[in-house]
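# Examining the three-dimensional arrangement
Take a look at the letters that make up each chain.
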Amino acid sequence: MAKISIDINSGTIQKDNAVIGIDLGTTNSLIATINPKTKKPFCLPIHGKNSMPSALYFDAQKIEVGSMALEKLVSDPKNTLYSIKRLMGRSFHDLGHELNKLNYKIVDNHDQLVQVRIDDQFYSPIELSSYILKELKKVGQKELQKDIQKVVITVPAYFNDSQRQATRDAGKLAGLDVLRIINEPTAASLAYGIGINTDQPKTVAIYDLGGGTFDISILKIQQGIFEVLSTNGDTALGGDDIDQAIKNYWISFYDLKLLSRSKNQLLRLTAEEAKIQLSKDKSFHKKIAIQNQHITLELDRDRMNTILSPIIEKSIAICKNALSDANLSTDEIEEVILVGGSTRTLAVKQAVQKLFSSANVNDDINPDEVVALGAAIEADILAGNRTDMLLLDVTPLSLGIETIGGLMDVLIPRNSKIPIQLKKEYTTSIDGQVNLAVNVYQGEREMIKDNRKIGEFILKGIPAMPAGIPKIEMSFMLNADGILQVSAKELRSGVKQEITLKPQYGISDEQIKTMLQDSIKFAQSDMDERSLAETITEANQLIYATHKFMRDNPQLLLEKHIQTMSGLIRKLEDSIHKKDRLTINNRIEELNEFTKPFAEQVMDHQISKALRGKNIT
Ligand code: ADP
Ligand code: MG
């Protein structure tokens, strides 16, 4: 039975909500949802097809989305936008040679994210993507007769945080509640149910040959955790290249020269038609009008296979690189999943099967739909509709802050399931300290110098208080997309400061691995170093407190007491200088022993507080 919700305030009945998965592709975009009866995912038809070209056309009055826009690619190319996904979260410099693939005007904003120029208007890729998402939402709502709010959107596994954030923002701009951004290979595995409901770890290769891009991802799936072992690919390799190769073959075979732009396009579209038909038939022929004559373009499957073999070979070489990055041999891959329209070409399928000869090649699910279907399953899980599956993401490295002595104090330990929020209380180490530097680090080592700094800020305006009195609450919140929000709040005064960080930005899987290996390798020396740093901090605090005590309580002390204390302090300072932990400890003891009776006399809270407790620099 469908659930009906009633708004208690207005008394109106709300429409049922649908939860959907979106494959926001470079070439094509799809939406999928779960059939409430069968519990199986399915793709929603869009304008009569199962996918919508990710294209936009800027008319004088309005913006067309999808196939209507794509049709304008020939007649009005500068107002027709495609491959917007390539621009997401990237600067002009980031784009590099990918720029050659795009025929519309892209604005160089130096280090900033690029914009697209149409006439005298500027658009951000986020805004442009949001038009595609809005259209998908509109079509989906109409089809389902339900509201669409909650969605899961997929992105390539190699997308960095800036690209993920841009995708999330596009969703928000389209009026969607983005439950999560997930990796396309993860979605594809979910669609095949790989890694779910089993305790056995699986190593999976996802081969994704789309329209303009090729991606290979190697995943390790274990107890609902999808770990990306390596990704590789080519942003300029895909079905478009196959079309181009067929077109070039025809041009030379039929001696077609100096074609107009529109005839070129016609030839390209016919090449794609041939390629698609040859996925099921053995031969293709079609009569077209070209250069004032009618010719019949012909192609058979064997010829096509010869034409496209360099393209396939290129992708296979990339697969081998991905395997070596993951430190795996081909026979360690248990499952292969075929994704992307171009994997329907039989020669592609055969080449993949040949490379991964001992793996099970999954191609039962439509390769164009598999990512969207998996996204729908994930959306369904996140909406709380499925309890049989658990999908977890974990943070690969610990996150923490620098505490006095250059120590790493961890707030979120590595392998924590995300989203997660953790809080910890700290205090100051100097009297009247009004500013506090918060340095955020990532890594497993004991000393911050061996970890990776990911951000810093200063908590300013703490009211002057004796050391140890301010209560500073640090909060770390890591959301499901891996974005970290760090905030520091002095609880007595309410002074607050926060920062948003992207811990995974600019760090490769390889670097993460090295960091983990180093933490094991240096475990013992790290522990020694940490203990020494802690002891030195303790000693410095005791010296500080003793000086303060002598200054504040001259009436309690005779000259000989002051002499002894100063002598003990000098000895302690000397041992700190020599960095010998045992000696420092002994001298701390000595000084403590001597000062304790005096300290007890005044029952000075501050001094005893300053002698314990953790302090930030
Ligand atoms: P993207 O992920 O880049 O959006 P898709 O996965 O939708 O791309 O793949 C689009 C590509 O798949 C196009 O190059 C298209 O020509 C190709 N394609 C679609 N159907 C077939 C088919 N039956 N045989 C071969 N190629 C196909
Ligand atoms: Mg795709």
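Parameters and conventions
- Residues numbered from 1 in each chain as written.
- Chains lettered and ligands numbered in written order.
- Predicted model: local features only at pLDDT ≥ 70, side-chain atom pairs only at ≥ 80, totals over all residues.
- Heavy atoms only, no water.
- Phe/Tyr/Trp six-rings, centres within 6.5 Å; stacked < 30°, edge-to-face > 60°.
- Helix = DSSP H or I, 4+ residues; strand = E, 2+ residues; numbered from the N terminus.
- Buried < 20%, exposed > 50% of the residue type's maximum accessible area, 1.4 Å probe, protein only.
- Lys NZ or Arg CZ within 6 Å of the ring centre and 35° of its normal.
- Pairing = 2+ DSSP bridges.
- Right-handed = clockwise from strand over helix to strand, strands pointing away.
- Domains from an automatic or database assignment.
- Contact = heavy atoms within 4.5 Å.
- Buried area = accessible area lost by both parts, 1.4 Å probe.
- Salt bridge = Lys/Arg side-chain N within 4 Å of Asp/Glu carboxyl O.
- Axes fitted to C-alpha atoms, helices over the stretch in contact; angles between N-to-C directions.

## Considering the packing of aromatic side chains
- Within this structure, the stated rule accounts for eight aromatic pairs.
- Ring geometry for Tyr249 versus Phe253: centroids 5.4 Å apart, planes at 25°, classification stacked. Note that Tyr249 and Phe253 are positioned in helix 7 (residues 239-253) at a spacing of four residues, about one turn of the helix.
- Owing to a relative accessible area of 18%, Tyr249 belongs among the buried residues under this scheme.
- In this structure Phe253 comes out as exposed when scored by relative accessible area, which is 52%.
- The ring of Tyr57 has Lys72 sitting right over it, with the charged end atom 5.3 Å from the ring centre.

## Topic: the pairing of strand 20 (residues 335-339)
- Of all five residues in strand 20, five are buried, a share of seventy percent or more.
- The two faces of strand 20 match: Glu335, Ile337 and Val339 on one face and Val336 and Leu338 on the other face are all buried.
- Here five bridges tie strand 15 (residues 202-209) to strand 20, and the two strands are oriented parallel to one another. Residue Val204 lies in a different strand from strand 20, and its bridge partner there is Glu335.
- Of the pairings in the sheet, the one linking strand 20 to strand 21 (residues 360-362) comprises three bridges and is parallel in character. Along strand 21, the bridge assignment pairs Val336 with Val361.
- Handedness of the strand 20-helix 10 (residues 346-355)-strand 21 crossover: right-handed.

## Let's talk about the domain arrangement of the protein
- Along its sequence, the protein is organised into domain 1 (16-238 + 308-394), domain 2 (399-521) and domain 3 (524-611).
- Here the C-alpha centroids of domain 2 and domain 3 sit 28 Å apart.
- With 16 residues of domain 2 at the contact, the number on the domain 3 side is 12 residues.
- Buried surface at the junction of domain 2 and domain 3, summed over both partners, amounts to about 1300 Å²; 53% is from carbon and sulfur atoms.
- Broken down residue by residue, the surface that domain 2 buries against domain 3 is led by Leu407, Asp431 and Glu446, which jointly contribute 37%.
- Our count for the domain 2 to domain 3 interface comes out at four salt bridges.

## A short note on the sheet that holds strand 17 (residues 225-234)
- Spatially, the five strands line up as an open sheet ordered 17-16-15-20-21, and their pairing is mixed. A strand with exactly one partner marks an edge of an open sheet, and here the two such strands are strand 17 and strand 21. Pairwise comparison of adjacent strand axes, ignoring direction, gives a mean angle of 20° for this sheet.
- As defined by bridge partners, strand 15 adjoins strand 16 (residues 214-222) across eight bridges and the pair is classed as antiparallel. Opposite Val204, over in strand 16, you have Leu219 as the bridge partner.
- Sheet contacts for helix 6 (residues 184-191): strand 15, strand 16, strand 17 and strand 20; angle to strand 16, the most-contacted strand, approximately 60°.

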